[in-house]
Amino acid sequence: MANIDYIERVCFEKLFDMSSGYILDFTNRTFQEFVYEKINIDVYAKYQGLSKAKILRRIMSDYDNVTVGKLLLELMRYMQAREMISDENKVTFRKCSVIGNRLIGKKFTVKKSNPATPFKPTTSIADYDLLLKKLTDISNYSDTPQLRGFEFEKYLRNLFDVHGLEPRGSFKIIGEQIDGSFILHNEVYLLEAKWTNKKIDKGDLVIFNEKVSSKSGFTRGLFISFSDFSDEALTTFAHGRTVKIILMTVQELSIALSRKFDLTKVLSAKVRALAEEGDFNKSIFCL
């Protein structure tokens with residue numbers, strides 16, 4: 001029997017929407033195939049006549065920590081792949097991630113800051129191969145550049161959420177459009193995301209830097225570009241101004257995902273390079 005108590009079970013019941021007897025959007029056939037692939041159990045041979053929710057409850061009661069933890073985390077990865085994580089369930093998702101990782105033996109520390117702020121695990125259950133595939137799919141997106149941009153913003157929000165960075169989608173304030181924001185080490189970062197064939201010029205960086213600087217002394221920014229940044233922008237942007245932003249290209253992001261780099265650590269290293277060296281465009285190859 002897995003070491004999972006009643007309150008922890010309730011978290012998974014809520015996350016997987018098990019009250020009606022179902023598990024997420026699985027049919028009987030797809031649920032049978034999924035569980036067999038992940039933990040080599042034919043659920044309808046072993047648990048005849050039971051609903052999907054009752055089968056999962058029985059598995060949690062009948063099997064060891066590692067088996068149960070692996071299945072629960074795989075179900076959560078399925079939710080990520082199907083883009084089922086929402087503002088309403090992301091706190092529950094993080095709590096369940098902590099429980100699942102504990103069951104399979106992964107240890108982590110939980111930072112306690114503000115009691116009103118939901119905790120998040122330092123371990124990640126990110127499916128890097130899937131994230132890389134979705135990023136590549138945007139490159140092959142056949143619609144308008146504007147729609148590709150919207151897809152990119154949506155992708156980044158999911159990417160940040162997977163890494164526990166508490167993202168916010170695009171929003172408007174008076175006179176400004178913000179592509180989104182996220183929280184890194186208790187600091188707020190505004191996001192600028194450009195998926196265009198033209199390299200980003202100095203003017204774009206100046207505008208975004210001013211947008212960030214106008215908010216507060218502790219607001220920072222991340223500018224992600226599909227087509228890199230012009231030589232002029234990289235050479236002259238920092239002259240005569242306080243730089244509050246860091247830069248990243250989609251190519252860098254793709255390499256980071258292919259090498260399974262933790263996004264939080266990549267961003268932290270870029271921020272540190274800006275603070276210590278004044279380098280707002282530190283390459284991931286130099287981190």
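Scroll up to find the structure.
Summary of the structure given here. This one's a predicted model, so the numbers in the text were calculated from it and none came from an experiment.

### Things to note about the nonpolar core
The nonpolar side chains of a soluble globular protein tend to be buried, and buried together.
Argument step 1. In terms of nonpolar packing, the biggest core is built from 47 residues, with Phe 152, Tyr 155, Leu 156, Leu 205, Leu 222, Leu 253 and Leu 267 touching the most fellow members.
Argument step 2. Examining the composition of this core, we find that six residues originate from one element, helix 8 (residues 145–162), more than from any other.

### Notes on helix 4 (residues 52–62)
Argument step 1. Inspection of helix 4 places Lys 52, Ala 53, Ile 55, Leu 56, Ile 59 and Met 60 among the buried residues, and these make up the whole buried set. Down the axis of helix 4, the smallest arc covering the buried residues is 160°, so these residues share one side.
Argument step 2. Buried positions along helix 4 lie against helix 1 (6–15), helix 2 (28–39), helix 3 (43–46) and helix 5 (65–81).

### So, the packing of aromatic side chains
Argument step 1. Applying the stated criterion across every chain yields a total of 12 aromatic pairs.
Argument step 2. Residues Phe 237 and Phe 280 carry aromatic rings whose centres are separated by 5.2 Å and whose planes lie at 85° to one another, so their mutual orientation is edge-to-face. Of the two residues, Phe 237 is situated in the loop between helix 10 (231–236) and strand 6 (245–249) and Phe 280 in the segment after helix 12 (263–277); the sequence distance between them amounts to 43 residues. With respect to class, Phe 237 is no different from Phe 280; both count as buried.
Argument step 3. Among the aromatic residues, ring-to-ring pairing joins Phe 26, Phe 31, Phe 34 and Tyr 78 into one connected group.

### Let's talk about the sheet that holds strand 6
Argument step 1. Spatial ordering of the open sheet is given by 3-4-5-6, a layout of four strands whose pairing is mixed. Of all the strands in the sheet, the pair left with one neighbour each is strand 3 (180–184) and strand 6. This sheet shows a mean twist of 30° between the axes of neighbouring strands, independent of strand direction.
Argument step 2. Strand direction decides the pairing type here: strand 3 and strand 4 (residues 187–194), joined by five bridges, are antiparallel. In the strand pairing of strand 4, Leu 184 is matched with Glu 187.
Argument step 3. Sitting on the sheet, helix 8 touches strand 3, strand 4 and strand 5 (220–225), and the angle it makes with strand 4 is about 150°.
Argument step 4. On top of the sheet, helix 11 (residues 250–258) reaches strand 5 and strand 6; it is set at about 70° to strand 6, its chief contact.

### Looking at the side chain of Glu 192
Argument step 1. With respect to the secondary-structure elements, Glu 192 resides in strand 4.
Argument step 2. Excluding residues within four positions of it along the chain, Glu 192 makes contact with Asp 179, Phe 208, Lys 211, Leu 222, Phe 223 and Ile 224.

### So, the pattern of salt bridges
Argument step 1. Going through the model one piece at a time under the given rule, you end up with 21 salt bridges.
Argument step 2. Of the charged contacts, one joins Glu 33 and Arg 29 as a salt bridge, the two residues approaching to 3.1 Å between their closest N and O atoms. Linking Glu 33 with Arg 29, this pair stays in helix 2, spanning four residues, or about one helical turn.
Argument step 3. Measuring nitrogen to oxygen at the nearest pair gives 3.1 Å for the salt bridge that ties Lys 282 to Glu 277.

Cut-offs used in this document
- Residues numbered from 1 in each chain as written.
- Predicted model: local features only at pLDDT ≥ 70, side-chain atom pairs only at ≥ 80, totals over all residues.
- Heavy atoms only, no water.
- Core = buried A, V, L, I, M, F, W, Y, C linked by side-chain atoms within 4.5 Å.
- Buried < 20%, exposed > 50% of the residue type's maximum accessible area, 1.4 Å probe, protein only.
- Helix = DSSP H or I, 4+ residues; strand = E, 2+ residues; numbered from the N terminus.
- Arc of directions from axis to C-beta.
- Contact = heavy atoms within 4.5 Å.
- Phe/Tyr/Trp six-rings, centres within 6.5 Å; stacked < 30°, edge-to-face > 60°.
- Pairing = 2+ DSSP bridges.
- Axes fitted to C-alpha atoms, helices over the stretch in contact; angles between N-to-C directions.
- Salt bridge = Lys/Arg side-chain N within 4 Å of Asp/Glu carboxyl O.

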